[in-house]
Amino acid sequence: MFEFHSLRVAELNAEIGGGATSVTFELPADLIDRFAWHAGQHVTLRFVLEAQEQRRSYTVSNPPGAPLRITVKRESGGLVSNHIADALSVGDRIEVAPPIGRFALEPRRHARRTHYFFGAGSGITPLFAMVQAVLTDEPESVAHLIFGNRSADTILFRKELDQLVTQHPDRFTLRHALSAASLWSWFSPWRQGHVDAQAVKAAITQTPPVAQDVQYWICGPGAMNRDLSSGLNDLDVPADRIHMESFGAAQPADDGVQGCAASAVIRLQDGQHEISVQEGQNLLAAIRANGLTVPFSCQSGVCGACRAQLADGAVHMRSHMALAEGDIAAGHILTCQSLAQTKRLTLDFRS
Amino acid sequence: MSKMYHHLPVEAYTTQDWFDREQRLIFSRSWRYAGLAEDLPEPGHYLSVQAGVNNIFIVMGRDHRLRAFHNICRHRGTQLIRAVGKTQKALTCPYHDWTYDLEGNLISVPDEETEYPGGLDKSCLGLKPASVDIWRGMLFVHPEPDAPSLVEWFGAVEPLLGPHDPAKLVEYPEARQSYEIKANWKIVVENYIDVYHLSHLHSNTLHMYDHARAEYGWKGPHYHFWEPPAPGYAKDLEQNLPSPRVIPKPHVGAWVPMLFPGTGIGASEDSWNIFILTPLGPELTRVENRTKLADASAWEFSKQEWLSSGFWKSFGGPKYSGEDVAGKEDPMASGDFTAEDVYACEQQQKSLASPYLEIGPAATGESPITRHQRAVLDFMDLQARQMGAGDV
């Protein structure tokens, strides 16, 4: 499913005072088609760090047509994000797999839509690409961005967004919400606090849709996404107009649920294997630690390569972006996101 | 053989059969003006509009998005809502109280267990959706749920409609009126787009603009027209405008397009007006006028009125005076261009019944008339072909 290509780092830019890094890749002519992306999609990077293979998915933070660029927020203790921030140099080569992802906005020249974007923190990266795609390639449509951050100095792409407001005063509005605004900042946000259901309601009332084909794009931490989608439901927004991606997907989302130690039966084409799972260990990690080979790719719950059928037992999935509701009902799990919740499990990889 | 009025047979203007075909193939198959955006100011507000053979209602949801549905109860076809109004969460049919939510889902059927002992699948009985959108401050509906967008419909003509932003203007309620003209809707359209008549029928009412320098043409079925102010008006134009400007300097002139089918706009430096035609019968048409002006203070309006009074007190007057006037009510002596137009349309319609009618050659300034006749024919042909029916 994934093939990795070695891409040269063409440019490195520190964002928000080093709190994030933008990495621009050079795309050789023969890979341009293979790496074509829709605004909102992500690429998977592969590193070997501390003698272990590490894979992470990062959203392309540029619209299609612009240079291939990702923007990586530095996570405290994050192995890969700190490596990107501190150890990369222009000219380095990185293993990158082509863009994928269902959280994607495909602009249509003759569409006349109103897009509301709700983002927080590094959740701006797909939205930033989407806003620009709308402004460039959907000339009759309007974009409203409501962007939450802790404080003014943690706002990613602030200058670029201001520039878009200047360039498209009739088609783009930008509203900032700050949850911990500094008293000493000149920056005066639209709202104090998080981007929550009240903020959504206020924003829509303030700038109601003119074009009536309305789409809602949400990208932030899981809790914000849940709050916003239930807020939109309360306003009778039909579910098929709401598009959402949990952010922080590059790092396994720590939602506080702990996995227990377990023993698991793994059914593969070549037979059945019994393995032990450590407390807190995800199932994919446990399988690999026991020397078994199963398919996997992104290790962040977005690609679906490591899916298995849970034949017995119960797991908790931290993220399941790659699964449809029907898949989950049918017992499919993403092993890279699954923590054991029962002492005995049976997983089937044969289908 | 039918007697021809340029490209159309005279029957196209007089018979129920043509009227019915136009209702089916034009007015039921195109975007229809439904009001101004401010007619639905808040969630829960609704209005209904007749679009050809369809009655469609628009309602604003709590997300401030508009929904459009065919105004037909899925039970026995009764109209669900009347005219305009406001609801909280639901729409109830008056006949048997079947109730729908604002997404069109059937949510309640009285005495469901006893009246439908075999069960009723409410999920299959939602209201039929239609399309709705807002464009240049106006509401438009289309009977089909997946109609081509307004960009596709109006995109080519939009740059020729003037720099007005109707959403930023405010309605002048005193100018709102509705009246009937005893003529076919196409006669009224043809009068609206006839460039030749401007200097003649309206020789004394619309001469602040320079008809000889008018620029006009077509984008698909839509007609566009612009003319500059006449020299006497243009000299001291800023002073002569009767009310505050609605478009920025240095834009000047009058934009008078006719969007298909029968949606006229008349916009100038200081006002924006709509002229909406509804065919009521082969020989009867309703006109609805609404006017928007600058969002300016009463003081600014008074000031502009005083400034311009010198120009307007000596401007205009009746076309006929003295011995030419036929009685007190003679529209030709009214000095009002609308009265002049209504008179011309109704007289022409009457003549269509005469066996002695024979239409003379079309003048250069009447080329929009023959072009509009073509637009009517082409649109009906195309729709008939798309419907896969040979019943044109």
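Nothing here was measured: the structure is a model prediction, and the numbers come from that model.

Basis of the calculations
- Residues numbered from 1 in each chain as written.
- Chains lettered and ligands numbered in written order.
- Predicted model: local features only at pLDDT ≥ 70, side-chain atom pairs only at ≥ 80, totals over all residues.
- Helix = DSSP H or I, 4+ residues; strand = E, 2+ residues; numbered from the N terminus.
- Rg over C-alpha atoms; globule rule 2.2 N^0.38 Å.
- Buried ≥ 20, exposed ≤ 12 C-beta atoms within 10 Å, placed from the backbone.
- Contact = placed C-beta atoms within 7 Å.
- Axes fitted to C-alpha atoms, helices over the stretch in contact; angles between N-to-C directions.
- Parallel < 35°, antiparallel > 145°, perpendicular 65-115°, else oblique.
- Left-handed = near helix turned anticlockwise from the far one by under 90°.
- Nonpolar A, V, L, I, M, F, W, Y, C, P; charged D, E, K, R; others polar.
- Domains from an automatic or database assignment.
- Pairing = 2+ DSSP bridges.
- pLDDT = per-residue confidence, 0-100.

## Brief notes about the overall build of chain B
Helix and strand counts for chain B stand at nine helices and 21 strands. The globule rule puts the C-alpha radius of gyration for 392 residues at 21 Å, and the 23 Å found for chain B is close to it. Residues counted as buried form 38% of the 392 residues belonging to chain B. Of the contacts made within chain B by residues no fewer than 6 positions apart, 61% connect residues no fewer than 24 positions apart.

## Notes on the packing of helix H4 (residues 185-193) of chain B against helix H9 (residues 367-386) of chain B
Residues and elements named next belong to chain B. Viewed as axis vectors pointing N to C, H4 and H9 meet at an angle of 140°, and their least axial separation amounts to 9 Å. Considered as vectors, H4 and H9 are oriented oblique to each other. Crossing angle aside, the handedness with which H4 passes H9 is right-handed. Every residue of H9 that contacts H4 at Lys186, Val189, Glu190 and Ile193 is listed here: Pro368, Ile369, His372 and Val376. Here the residues of the contact of H4 with H9 are counted per class, giving five nonpolar, one polar and two charged.

## What about the domain arrangement of chain B?
All names here are of chain B. Here chain B is described as being made up of domain 1 (32-146) and domain 2 (154-381). Computed over C-alpha atoms, the centres of domain 1 and domain 2 are 35 Å apart. Every contact between the two is made by six residues of domain 1 and, on the other side, seven residues of domain 2. Residue composition of the side of domain 1 that touches domain 2, grouped by class: four nonpolar, one polar and one charged.

## Observations concerning the sheet that holds strand S3 (residues 42-49) of chain A
Residues and elements named next belong to chain A. Pairing in this open sheet of six strands is antiparallel, and the strands run S4-S3-S6-S1-S2-S5 from one edge to the other. In the strand order of this sheet, the two ends are held by strand S4 (52-59) and strand S5 (69-73), each with one partner. Between one strand axis and the next, the sheet turns by 40° as a mean value, whatever way the strands run. Sheet analysis places strand S1 (residues 5-15) next to strand S6 (residues 93-100), joined by four bridges and oriented antiparallel. Counted as the bridge partner of Ser6 is Glu95 from S6. Here helix H1 (residues 79-87) sits on the sheet and contacts strand S2 (20-26), S3, S4 and S5; the angle it forms with S3, its principal contact strand, is near 90°.

## Examining the confidence of the model for chain A
For chain A, the average pLDDT comes to 91, and 97% of its residues sit at 70 or higher. Every residue in residues 249-253 of chain A scores below 50 in pLDDT, and together they form 18 contacts with partners more than four places removed in sequence or on other chains.

## What about the interface of chain B and chain A?
Listed by partner, the interface residues are 15 residues for chain B and 16 residues for chain A. Residues of the side of chain B that touches chain A, tallied by class, amount to six nonpolar, three polar and six charged.

## Some words on the sheet that holds strand S12 (residues 242-246) of chain A
Residue and element names in this part refer to chain A. If you walk across this open sheet you meet the six strands as S10-S9-S8-S7-S11-S12, and the pairing is parallel. Single-partner strands in this sheet number two, and they are strand S10 (191-192) and S12. Examined bridge by bridge, strand S11 (residues 213-220) and S12 share five bridges and lie parallel to one another. Across the sheet, residue Tyr216 finds its bridge partner in S12, namely Ile242.

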